[in-house]
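Here is how the chains run, residue by residue.
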Amino acid sequence: MGIQEAPFSIRIEKEVMDKLRILAKDNSRSLNKQIEYSLKKYLKAYEEAHGEITVERK
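Fair warning: this is a prediction, and the values are worked out from it, not measured in the lab.

Visitor: Would you take a moment to explain the pattern of salt bridges for this structure?
Guide: Side-chain pairs of opposite charge can arise whenever the charged atoms involved come near each other. Inspection of the entire model under this criterion finds five salt bridges. In this structure, Glu-36 and Lys-33 form a salt bridge, with 3.0 Å as the shortest nitrogen-oxygen distance. One end of the pair, Glu-36, and the other, Lys-33, are both in helix H2 (residues 31-50), three residues apart, so they sit about a helical turn from each other. For Lys-33, a relative accessible area of 39% corresponds to the partly exposed category. For Glu-36, the salt bridge goes to Lys-40, with nearest N and O atoms at 3.3 Å. Highlighted residues: Glu-36 and Lys-40, both in helix H2, separated by four residues, approximately one helical turn.

What counts and how
Once a new chain begins, its residue numbering starts again from 1 and follows that chain's sequence as written. Two thresholds apply to this predicted model, a pLDDT of at least 70 for residue-level local features and 80 or more for giving and counting side-chain atom pairs, whereas whole-chain, interface and lining totals are computed over all residues. Calculated side-chain values reflect all of the structure's heavy atoms, with hydrogen atoms and water omitted. The salt bridge definition used is simple: a Lys or Arg side-chain nitrogen within 4 Å of an Asp or Glu carboxyl oxygen. Here a helix means four or more residues in a row that DSSP labels H or I, a strand means two or more in a row labelled E, and each is numbered from the N terminus. Exposure is judged per residue with a 1.4 Å probe applied to protein chains only, and the accessible area is read against the type maximum: over 50% gives exposed, under 20% gives buried, and values in between give partly exposed.

Take it as geometry only, folks, not as evidence of what the structure does.
Laid out in structure tokens, this is it:
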């Protein structure tokens, strides 16, 4: 696990959040971890289709 960023507020539609809560419960994850998992899965699929996203390290 990398260095954690400062907390970040994000607006998510109610229906999307409700679905994420269901997935989190089904997978024994916290809502926060489910959101992180979902984002990582999306990024992996995106990179497989479009190539690696390069991030500059500071």
